[in-house]
Amino acid sequence: MQRLVYRYALLTRLAHWFGAIAVAVLISSGLQIFNAAPYLDAADRSTPTRRVLSIDSPADGIGRTTIFGHSFTTTGFLGWGSDGNGGEGARAFPGWLTIPAYQDLADGRRWHFFFAWIASLAWLSWLVSSAVKGNLAEMILRPSDLHKLWPMQAYYLRLRRDPPPHGSYNPLQKAAYTFVLLVLAPLILLTGLALSPGIDAIAHPLTMIFGGRQFARLWHFVGMLLFVGFVCVHIFQVLTQGFFNQMRSMISGWYRLREHESVGP
Amino acid sequence: MKRRLFLASSIAAALAGCSPIGTALNDNAGFHHALGLEGSLDAALMENLPGLAREYSIADISKNFPVDSLPTPTSVTYDRLLAHDFQSYTLAVVGAVERPLSLSLAQLQRMPQQTQITRHDCVEGWSAIGAWTGVPLRRILQFARPHRDARYAIFRCMDRDDQGTPYYESLDMAQAYQAQTLLALRLNGEAIRPDHGAPVRLRVPTQLGYKSAKWVREIQIVGSFAHLYGGKGGYWEDQGYEWYAGI
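As the structure is a computational prediction, the values presented were derived from the model and not from experiment. (Residues numbered from 1 in each chain as written. Chains lettered and ligands numbered in written order. Predicted model: local features only at pLDDT ≥ 70, side-chain atom pairs only at ≥ 80, totals over all residues. Heavy atoms only, no water.)

### Quick look at the pairing of strand β3 (residues 114–121) of chain B
Residue and element names in this part refer to chain B. Basically, it comes down to this: Exposed residues in this analysis have more than 50% of their type's maximum accessible area, buried residues have under 20%, and partly exposed residues fall in between, with area computed by a 1.4 Å probe over protein chains only. Under the scheme used here, helices are H or I runs from DSSP no shorter than 4 residues and strands are E runs no shorter than 2 residues, and both carry numbers assigned from the N terminus. At least two DSSP bridges between two strands are needed for those strands to be called paired.
The element β3 is extensively covered by neighbouring structure, given that six of its eight residues are classed as buried. Pairing between β3 and strand β4 (residues 127–136): eight bridges, direction antiparallel. Bridge assignment links His120 to a residue of β4, and that residue is Ala128. Turn length for the β3-β4 hairpin, with the two strands adjacent in sequence and antiparallel, is five residues, and the turn residue Gly125 shows positive phi of about 130°.

Below, the structure written as structure tokens:
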């Protein structure tokens, strides 16, 4: 017997889709902002000797990416690529990855800060409502879940017939959502705030715990990369675990249970 | 498998669509204006918070302070000032003040000096630390005595872009009276170099670098900046950057 269960509350679904759009805009406008100073230093002030990443164009038609002192030719993608106006030019991230496509720091900042509010409010409303309703407690990874992480991974890798017993969320889901929603998302917000001189003036410790302004810029970028990694795994899971059913449940709330499947997501 | 391929390619298309859709919206005047409203929200939340920029030690000073602005003025007037070590330079304080001032460089140098080692945060993303010495702006305003209805200090500068448009900036009175807002005469113990804004540049360490105007020649106290140039209160503001530059 298959039956429909109401899996996601309206607020959760709204927060998910507002968050998804906001994150897409934040990444593309963030790359636009990065392009204005396409390097990251592990220091407070700009310090070339502590440069972790730089993307530049040493000569016309050549793009170069340097990570921890190791240079790679990345022509056509990083350093030299689409200028967003139909041509090519020296650009850290290419036009097809940035908002707007052409180089415009002022507009990139407008997009980034506008959608930072949307992402933050979506995150906060989800956090408060799921904490109040008690769903948050089911989702948080606990020490008692740790020994179930590998059995769950083994099940996904088809090394094990059955998943370990778990509640609404399996141990890997708990680990992923706890890390992304309760650790990574707030860290990305805080490292972003730490970049602002006005915020730094009222909260020196915020900037300094991340190692200073340039270091905060590096953490903000690394946080983005980790988030992109999560999104890739997340989309893969949705594609492979019954795409239409998953999409319906995040749009209408209703999920069709498969045989032997527990009620939770 | 075909279905998965179709789904994967639609998601790839959706991701690749992000930039063109965003760019099209960016070029839409109404949407672009709506995006800008967020800047007013930030300004309302932030601009009157107390807070002082962090002060550093001598060991933290950047070895090479970047020069990243409009080019050093090349006008006959500036060349003449430079050739005579700015002896004939005057800083004018005009507009809605009880006592308009005209201060020579020597007079500015004789006023009590403040040194701050602060970080300059460029809107592009880089930062540099320098030791700035000069006259706190509030001391000059205390001499000039702005009218009660004065709202902004406009800084008119000697540099121009390649279209001939002069650089200018503005601060509201609270920002102008802030303890660290400085008319800097020296950087790292030496007279400011021409490319760093000689002889007098503004330092506003609680905001992004474009507020810290170089080559200041006149401070005008006004009730509104809507009639000046693009009407947004600054050279970069007229090109879309936020007037409140603390974010």
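### Structural notes on the domain arrangement of chain B
To keep things clear, this is the line we draw: Domain start and stop positions are those given by an automatic or database domain assignment.
Split by domain assignment, chain B resolves into domain 1 (2–43) and domain 2 (54–239). Here domain 1 of chain B and domain 2 of chain B have C-alpha centroids that lie 38 Å from each other.

### As for unusual backbone geometry
Backbone torsion omega between Ile99(A) and Pro100(A) reads -15°, so that peptide bond is classified as cis. With respect to the helices and strands, Pro100(A) occurs in the loop between β7 (88–91) and α2 (105–133). Cis geometry marks the peptide bond from Ala198(B) to Pro199(B); its omega dihedral reads 5°. By the element assignment, Pro199(B) lies in the loop between β8 (190–191) and β9 (201–203). Positive phi outside glycine occurs at Phe68(A), with the angle close to 50°. Relative accessible area serves as the criterion here: at 61%, Phe68(A) is assigned to the exposed category. Phi is positive for Phe86(B), close to 60°, though the residue is something other than glycine. Looking at where Phe86(B) falls in the secondary structure, it is placed in the loop between α3 (76–83) and β1 (90–95). Accessibility expressed as a relative area gives 8% for Phe86(B), which makes it buried.

### Some thoughts on the packing of aromatic side chains
Inclusion rule: Whether two aromatic rings pair depends on their centres lying within 6.5 Å, for rings of Phe, Tyr and Trp, where Trp uses its six-membered ring; planes under 30 degrees apart make the pair stacked, over 60 edge-to-face, and the rest tilted. Think of it as a cone above the ring: NZ of Lys or CZ of Arg counts as a charge over the ring if it is within 6 Å of the ring centre and within 35 degrees of the ring normal.
All told, the structure shown has 24 aromatic pairs over all chains when counted by the stated rule. Measuring from ring centre to ring centre gives 5.2 Å for Trp111(A) and Phe31(B), while their planes differ by 35°; the resulting arrangement is tilted. Here Trp111(A), found in helix α2, pairs with Phe31(B), found in helix α2 (residues 29–46), and the two come from separate chains. Judged by its relative accessible area of 1%, Trp111(A) falls in the buried class. Among the aromatic residues, those joined into a cluster by ring pairs are Tyr167(B), Tyr210(B), Tyr235(B), Trp236(B) and Tyr241(B). The ring of Tyr255(A) has Arg7(A) lying over it, and the distance from NZ or CZ to the ring centre is 3.6 Å. Over the aromatic face of Tyr39(A) sits the side chain of Arg51(A), whose NZ or CZ is 4.1 Å from the ring centroid.

### Observations regarding the pattern of salt bridges
Rules: What counts as a salt bridge is simple: a side-chain nitrogen of Lys or Arg found within 4 Å of a carboxyl oxygen of Asp or Glu.
Considering all chains together, one arrives at 14 salt bridges over all chains under this definition. Each of the salt bridges in this network shares a partner with another, and the network as a whole consists of Asp44(A), Asp200(A), Arg213(A), Arg119(B) and Asp121(B).

### Let's talk about the domain arrangement of chain A
A common way to state how big an interface is: give the accessible area lost once the parts meet. Residue and element names in this part refer to chain A. Cut-off, in case you're wondering: Between two residues, a contact is recorded if the distance between any of their heavy atoms is within 4.5 Å. Throughout, the accessible surface (probe 1.4 Å) given up by two parts as they are put together, summed over both, is called the buried area.
Parsing chain A into structural domains produces domain 1 (3–36 + 104–257) and domain 2 (41–102). Placing a centre on the C-alpha atoms of domain 1 and another on those of domain 2 gives a separation of 27 Å. Every contact between the two is made by 19 residues of domain 1 and, on the other side, 17 residues of domain 2. Buried surface at the junction of domain 1 and domain 2, both sides included, amounts to about 1500 Å², of which 64% is carbon and sulfur. On the domain 1 side of the interface with domain 2, the three residues burying the most area are Leu31, Asn35 and Gln214, jointly 33% of the side's total. In this structure, the connection of domain 1 to domain 2 is made through zero salt bridges.

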